[in-house]
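Geometric and topological summary
Below, each chain spelled out in residue letters.
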Amino acid sequence: MYQIDTNFRKLVLVCTNERHDGRECCADKGSAELHQKIKFAVAAADPKIRVSKSGCLDRCSTGPTVVIMPDNIWLGRVQEQDIPELVKLITS
Ligand code: FES
């Protein structure tokens with residue numbers, strides 16, 4: 001392996017995990033569309049922050065789950081109306 005150079009200063013993970021067995025998942029709470037909106041808003045505010053979809057982050061019952069790294073901030077029940085506040089938190 002080798003270390004990859006990057007210009008990204010933060011990584012934001014938005015869980016878009018989808019389940020088909022009846023258990024709760026972030027995808028059932030609109031996280032795919034939420035990911036797109038967060039990604040667009042953050043890119044406009046700071047292109048050095050990467051927003052990526054993720055698999056399950058083990059906080060399924062309180063999803064959609066968003067994690068800001070390296071700040072180690074975990075957010076639950078994130079909704080579209082939270083995006084302005086979320087962008088401030090992410091870019092700070
Ligand atoms: S399905 Fe999103 S945290 Fe588990």
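Cut-offs used in this document
Residue numbering note: each chain is counted from 1, following its sequence as written. Predicted model: local features are reported for residues with pLDDT of at least 70 only, side-chain atom pairs are reported and counted for 80 or more only, and whole-chain, interface and lining totals are derived from all residues. To count as a nonpolar core, a set of buried Ala, Val, Leu, Ile, Met, Phe, Trp, Tyr and Cys residues must be joined through C-beta atoms within 7 Å. The exposure label follows from counting other C-beta atoms within 10 Å of a residue's C-beta, where the C-beta atoms are placed from the backbone and the thresholds are 20 or more for buried and 12 or fewer for exposed, leaving partly exposed in between. Only DSSP runs of H or I reaching four residues or more are called helices, and only runs of E reaching two or more are called strands; each is numbered from the N terminus. Throughout, a pair of residues is in contact if the C-beta atoms placed from their backbones lie within 7 Å. What a helix is expected to span follows from its residue count: subtract one and scale by 1.5 Å. As used here, the arc is the angular range of directions from the helix axis to the C-beta atoms.

Attention now goes to the nonpolar core. The biggest cluster of nonpolar side chains holds 16 residues, and the ones touching the most others in it are Val12, Val14 and Ile38. Looking at this core, the elements that each hand over two or more residues are strand E1 (10-15), helix H1 (31-45), strand E3 (66-69) and helix H2 (83-91). Setting aside residues no more than four positions away along its own chain, isoleucine 38 makes contact with Val12, Val14, Val51, Ile83 and Leu86.

Note the cis peptide between glycine 63 and proline 64, where omega equals 0°. You can see proline 64 is positioned in the loop between strand E2 (49-54) and E3. Of the consecutive residues methionine 69 and proline 70, the connecting peptide bond is found in the cis state with omega at 10°. Within the secondary structure layout, proline 70 lies in the loop between E3 and strand E4 (73-75). Here the phi dihedral of arginine 77 falls at roughly 50°; this positive angle occurs in a residue that is not glycine.

Let us look at H1. With 15 residues, H1 should reach 21 Å at 1.5 Å per residue; the first-to-last C-alpha distance of 21 Å fits that figure. When H1 is considered as a whole, its buried residues turn out to be Ser31, Leu34, His35, Ile38 and Val42. With its buried residues spanning 100° around the axis, H1 presents them on a single face. Exposed positions of H1 whose direction lies more than 90 degrees from the buried face are Glu33, Phe40 and Ala44. On its buried face, H1 is in contact with E1, E2 and H2.

Taken by themselves, the reported measurements are silent on function.
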